[in-house]
Amino acid sequence: MNAPASFDTDLVPLYADHLATMKRRADEALARGGFDHLVVPSGTQHWQVFDDRDYPYAVNPQFKAWLPLTRLPYSWLVYTPGERPKVIFYQPFDYWHVVPDAPSGWWVDHFNIHIIRKPDEALALLPPAARSAILGEPQSALGAAPGPHYAPNNPEPVIQYLEYQRSYKTPYEITLMRQAQRLAVRGHRAAEAAFRAGQSEFGIHMAYCTAVGQDANDLPYGNIIGLNEHAAVLHYTELQRVAPDPLRSFLIDAGASFHGYASDITRTYAYDTGIEFQAMIDAVDAAQQAMCAGVRSGVDYKHLHVDAHLTLMGILKDFGVITVSPEAAVATGVSAAFFPHGLGHPIGLQVHDVAGFAASDRGGRIERPAGHPYLRMTRVLEPGMVVTIEPGLYFIDLLLDEVKKNGHARSVDWARVDAFRPYGGIRIEDEVLCTGGDADNLTRPAFAEAG
Ligand SMILES: [Mn+2]
């Protein structure tokens, strides 16, 4: 899928190491929970109420952590320490839909594979439920209660440990995540071209999907594509069918999936690159790269977030939007009106990956700093973690009205706000791998490669 011919071959040894890591983690998780078997259903289809239409299938992240299989509902992974893991592979006889291809790829040699034609056929192949940690959604239960009934129990000690360990990406996972970056960058390049050609938000969205080769069912999250003032809506997903006139600015927050791994990239563009808004974009871009360089082992992500507030307020001060010092803007809460979200989040199998608040692999939560309710990552960075760095500056009347109500109207030059409001806002987002040394930005090289 959109990768060099040698790509799959290169993955063979990486996957073997990844699987060895997954087994070691499972051994410890099972010991902690007092279980003999790890059982992971891939998940089921879900149906719309009073209708025969199914929602897009979403694989259980615990399942795709083991296997690059994202379109295989009603299947199961079974791992028993010391034994070869088993995949119960659901391949129905079905002429209405395309059924999953026969098992193939770099993973098959590591598993005993059992094909089933009906979901309930898994029952005879699964280990005893009472001795198993079964991780999944309730709908994955097999057999009608009160008869033979095999249901996820989701034991906390097992889940806590496995989710915590998923923070530390294996080289196999990093390889897949780099490819997810390359795919998304194709879309970002096509989207920028569509913007320059005067297309609508919907047209830009279609250009993105076509270039990536993914649509709403495949993408890791709904594309955010906002022109002009729409760039100020943090999760804008309306996709207007007509382009505004004049075109002023374009914010795109869009990713791609690769074998279940997500990318999440944001860029902002000015239509006229000679204007002051472009200069503000450039300032945020330079600041964002410095923030990315701050992703180093031992650094508290909370501190990166708070520092970002100061940096961004420095930019607003330089552009004459605030009249007070950055420190004063942060202390009075004015900064939160312009930068009202977190600096970023963990990313991997899920775009907002698990364990961003985890205090340990046995549970506990590291709370957000007071006054920062939307931060999604509060941990100290360690090698192997991948986080997004996505500072933003927006001109949002709802929040700026609060600044006035809270008695800080004189902290802001409202004529400057009026000048920037028609452009909406700026967000720039990359993924960064924490290493033992310098930060490894996964996103920028993909843009450089694409030219
Ligand atoms: Mn993000």
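These numbers were taken from a predicted model, which means no experiment stands behind them.

Caption draft 1: Broad picture of the layout of surface pockets. The computed volume of the second largest pocket comes to approximately 390 Å³. Forming the walls of the second largest pocket are 22 residues, and the residues nearest its centre are His235, Asp253, His352, Arg376 and Glu390. Taken together, the residues of the lining of the second largest pocket sort by class into 8 nonpolar, 8 polar and 6 charged.

Caption draft 2: Looking closely at the nonpolar core. Leu38, Trp66, Leu67, Trp107 and Phe250 are the most contacted members of the largest nonpolar core, which totals 71 residues. Looking at which element gives the most residues to this core, the answer is helix H4 (residues 171–196), with 11 residues. The residues that make up this core include at least three from each of domain 1 (7–165) and domain 2 (171–450). With near-sequence residues (within four places) excluded, Phe250 lies in contact with Ala191, Glu192, Phe195, Ile204, Ile225, Gly226, Leu227, Arg267, Thr268 and Tyr269. Grouped together as the second largest cluster of nonpolar side chains are 48 residues, Leu312, Met377, Leu393 and Phe420 included.

Caption draft 3: Representation of the pattern of salt bridges in the model. All chains considered together, the criterion is met by 22 salt bridges. Put simply, Arg267 and Asp430 hold a salt bridge, and the shortest N to O gap is 2.8 Å. Of this pair, Arg267 sits in strand S10 (residues 265–270) while Asp430 sits in strand S14 (residues 430–433); the two residues are 163 residues apart in sequence, bridging distant segments of the chain. With respect to class, Arg267 is no different from Asp430; both count as buried. Of the charged contacts in the structure, one is a salt bridge between Arg421 and Asp397, with a shortest N-O distance of 2.8 Å. With Arg421 in the loop between helix H11 (414–420) and strand S13 (425–427) and Asp397 in helix H10 (residues 397–405), this pair connects stretches of sequence that are 24 residues apart. Arg421 sits in the partly exposed class, given a relative accessible area of 24%. Overlapping salt bridges bring together Arg267, Asp285, Asp430 and Arg444 as one network.

Caption draft 4: Broad picture of the domain arrangement of the chain. By the assigned domains, the chain splits into domain 1 (7–165) and domain 2 (171–450). The centre of domain 1, based on its C-alpha atoms, is set 34 Å off from the matching centre of domain 2. Every contact between the two is made by 19 residues of domain 1 and, on the other side, 24 residues of domain 2. Both faces combined, the contact of domain 1 with domain 2 buries some 1,900 Å², and carbon together with sulfur accounts for 61% of it. Here domain 1 is connected to domain 2 by 2 salt bridges. Arg32 is the salt-bridge partner of Asp361, the closest N and O atoms lying 2.9 Å from each other. Connecting domain 1 to domain 2 are 6 residue pairs in polar contact (both at pLDDT 80 or more). Within the residue set of the side of domain 1 that touches domain 2, elements represented by two or more residues are helix H1 (7–33), helix H2 (61–64) and helix H3 (156–165).

Parameters at a glance
- In this convention, every chain numbers its residues from 1, walking through the sequence in written order.
- Confidence filtering applies because this is a predicted model: local features only for residues at pLDDT of at least 70, side-chain atom pairs given and counted only at 80 or more, and all residues used for totals across whole chains, interfaces and linings.
- Side-chain numbers here rest on the full set of heavy atoms in the structure, without hydrogens or water.
- Buried and open spaces are told apart on a 1 Å grid over the protein atoms alone, a cavity being a set of points where a 1.4 Å probe fits but cannot get out and a pocket being an open set with protein on both sides within 12 Å along at least five of seven lines. Residues with an atom within 4 Å of a point are the lining residues.
- Grid points are joined across faces, edges and corners, and a volume is the space filled by probe spheres set on the points.
- Here the nonpolar group is Ala, Val, Leu, Ile, Met, Phe, Trp, Tyr, Cys and Pro; Asp, Glu, Lys and Arg are the charged ones; every other residue, Gly included, is treated as polar.
- The nonpolar core is taken to be a set of buried Ala, Val, Leu, Ile, Met, Phe, Trp, Tyr and Cys residues, with the residues joined through side-chain atoms within 4.5 Å.
- Burial here depends on accessible area, computed with a 1.4 Å probe over protein chains only, as a share of the maximum for the residue type. Under 20% is buried, over 50% is exposed, and the range in between is partly exposed.
- Strands are runs of DSSP state E lasting at least two residues, helices are runs of H or I lasting at least four, and both sets are numbered from the N terminus onward.
- Throughout, the edges of the domains are those of an automatic or database domain assignment.
- By definition in these notes, contact holds between two residues if any of their heavy atoms fall within 4.5 Å.
- In what follows, salt bridge is the name for a side-chain nitrogen of Lys or Arg lying within 4 Å of a carboxyl oxygen of Asp or Glu.
- Reported buried area values correspond to the accessible surface (1.4 Å probe) lost by two parts on association, with both partners' losses combined.
- In protein, a polar contact means a hydrogen-donor-capable atom and an acceptor-capable atom, both N or O and within 3.5 Å, with residues adjacent in sequence counting only if both atoms are side-chain atoms; elsewhere, any N or O pair within 3.5 Å suffices.

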